[in-house]
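# Inside the fold
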Amino acid sequence: MSEYDYESLGLVAGLEIHQQLDTAEKLFCACPTERREPEESVRSFTRYLHPTKSELGEIDDAALEESMVDREFNYLAYDTTCLVEEDDEPPRRMDSEALGVALEIAQLLDMDPVDGVQVMRKIVIDGSNTSGFQRSALIARGGEITTDAGPVSVEDLMLEEESAQRVRETENGVEYSLDRLGIPLVEIGTGPDIRSPEQARNAAERIGMLLRSTGSVKRGLGTIRQDVNVSIAEGARVEIKGVQSLDDIDDIVRNEVGRQGELLEIADELHER
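Note on numbering: residues in each chain are counted from 1, in written sequence order. For this predicted model, a pLDDT threshold of at least 70 governs which residues receive local features, and a threshold of 80 or more governs which side-chain atom pairs are given and counted, while totals over whole chains, interfaces and linings are taken from all residues. Water and hydrogen atoms were dropped before computing side-chain values, which therefore reflect all heavy atoms in the structure.

Attention shifts here to the overall build of the protein chain. The helix and strand inventory of the protein chain stands at 5 helices and 12 strands. Overall, the protein chain is about 60 × 45 × 40 Å in size when its C-alpha atoms are taken along their principal axes. Under the scheme applied here, a residue whose accessible area is under 20% of the maximum for its type counts as buried, over 50% as exposed, and between as partly exposed, the area being computed with a 1.4 Å probe on protein chains only. Relative to its 273 residues, the protein chain shows a buried fraction of 47%. We call two residues contacting when some pair of their heavy atoms lies within 4.5 Å. Taking all contacts inside the protein chain whose residues are at least 6 apart in sequence as the whole, residues at least 24 apart take part in 72%. To measure how exposed things are, a 1.4 Å probe is used in the Shrake-Rupley method; for residues, cover is taken only from the protein chains shown. Total accessible area computed for the protein chain in this model is approximately 14500 Å², and 47% of it derives from carbon and sulfur atoms. Counting rule applied: Lys, Arg positive; Asp, Glu negative; His and chain ends not counted. The atoms used to mark charge sites are NZ of Lys, CZ of Arg, CG of Asp and CD of Glu. Distance from the positive charge centre (28 side chains) to the negative charge centre (59 side chains) of the protein chain: 4 Å. Secondary structure counts use DSSP, requiring at least four H or I residues in a row for a helix and at least two E residues in a row for a strand, with both numbered from the N terminus.

Now the structure itself:
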């Protein structure tokens, strides 16, 4: 028996699932997608973040504030690292194998592919991309999966490049490894249709099973990450990022419902006082 009456609390939850694809090449260059150990790096280089204007001529406030911090980003390069990964050369054509796998996943999720794929830029301010942004493309929309508690909509499927692996903090900034940068990654976003912790876990398991059925996704720790969005009727939407294990999803939803419920009780007590 559940500790909370999730229906009366107005629980609403959704998932964002990020899954690395097991392709031969990276998304915008011909470099291999195998992971390397930092000790295997053959050289390194340093970059600094500078804010630039978007296509609309605007500068992101977060990027502008981050640029005011004197922080350097050191990147570990390998014998396979190319100029695209270093952002010293324009990206090449999107990898056709990765696009094919993404379209296969869209079909398994009963989604409608877009008429044309347009690569967009997401500003990145933590140094995890040498270019200062992440390349991302909308592939499909409007799908659905089944769970034991009913259907859950799938709003969109994106094909993106994975970020660089954070290695360690340094005295002057952060060190990253370029072996992970550019690995093809699909991001799957569900609709806000989940109404219980058990359904959240069931939805994640269902999507994970469909992804593995392609035989074209990477396996192991760090190759799949879930972001869990949770809110209750009188609370606020909270995103818990980077959940690694399916076994943790229902507990995370349950704990967040409890946290928000206790905050609301405290607020009611303060108002009465």
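Moving on to the sheet that holds strand E2 (residues 43-48). The sheet built from 4 strands is open, its strands ordered E2-E3-E9-E8 with mixed pairing. Each edge of the open sheet is held by one strand with a lone partner, namely E2 and strand E8 (165-169). When strand polarity is set aside, the average angle formed by the axes of neighbouring strands in this sheet is 30 degrees. As judged from the 4 bridges shared by E8 and strand E9 (residues 173-177), these two strands associate in the antiparallel manner. Across the sheet, residue Arg168 finds its bridge partner in E9, namely Glu175. Should DSSP find at least two bridges between two strands, the strands are regarded as paired. Note on geometry: axes are lines fitted to C-alpha atoms, helical ones only across the stretch in contact, with angles between N-to-C directions running from 0 to 180 degrees.

A separate point is the confidence of the model for the protein chain. Think of pLDDT as the predictor's per-residue confidence, scored from 0 to 100. Taken as a whole, the protein chain shows an average pLDDT of 92; of its residues, 95% reach a score of 70 or greater. For the protein chain, per-element mean pLDDT is lowest for helix H2 (residues 61-67), which scores 69, and highest for helix H3 (residues 96-108), which scores 98.

Moving on, we come to a nonpolar patch on the surface. A patch consists of residues exposed above 30% relative accessible area that lack any salt bridge, with like charges linked at up to 9 Å and nonpolar side chains (Val, Leu, Ile, Met, Phe, Trp, Tyr) linked at up to 5 Å. Criterion for a salt bridge: a side-chain nitrogen of Lys or Arg within 4 Å of a carboxyl oxygen of Asp or Glu. There is a patch of nonpolar side chains on the surface, built from Leu263, Ile266 and Leu270 and spanning about 300 Å² of accessible area. One can find Leu270 in helix H5 (residues 249-272).

Among the nonpolar cores identified, the biggest contains 43 residues, and Ile105, Leu109, Leu157, Leu159 and Leu211 are the most heavily contacted of them. When residues of this core are traced back to their parent elements, those giving at least two are strand E1 (12-20), H3, strand E6 (133-147), strand E7 (150-161), strand E10 (184-190), helix H4 (197-213), strand E11 (224-231) and H5. Residue contributions to this core peak at 6 residues, all from H4. Among residues more than four places away in sequence, those in contact with Leu211 are Ile17, Gln19, Ile105, Val186, Ile188, Val217 and Ile224. Here, the term nonpolar core denotes a set of buried Ala, Val, Leu, Ile, Met, Phe, Trp, Tyr and Cys residues that are joined through side-chain atoms within 4.5 Å. Grouped together as the second largest cluster of nonpolar side chains are 10 residues, Ala77, Ala164, Val174 and Leu181 included.

Next up on the list: the side chain of Ser131. Residue position: Ser131 is located in the loop between strand E5 (119-123) and E6. The exposure class of Ser131 is buried, given its relative accessible area of 17%. Identification of polar contacts relies on pairs of N or O atoms within 3.5 Å, with a donor-acceptor requirement for protein atoms, meaning one able to donate a hydrogen and the other able to accept it, and with residues adjacent in sequence counted only if both atoms are side-chain atoms. Within the local environment of Ser131, its side chain forms a polar contact with the backbone oxygen of Phe133, the two atoms lying 2.8 Å apart.

Summed over the entire model, instances satisfying the criterion amount to 23 salt bridges. When the shortest N-O distance is used, the salt bridge between Arg254 and Glu198 registers 3.1 Å. Of this pair, Arg254 sits in helix H5 while Glu198 sits in helix H4, and the two are 56 residues apart along the sequence. On the basis of relative accessibility, which here comes to 38%, the residue Glu198 falls in the partly exposed class. As a salt-bridge pair, Arg201 and Asp247 come within 2.9 Å of each other at their nearest N and O atoms. Linking Arg201 in helix H4 with Asp247 in the loop between strand E12 (238-243) and H5, this pair joins segments that are 46 residues apart in sequence. The exposure class of Arg201 is partly exposed, given its relative accessible area of 25%.

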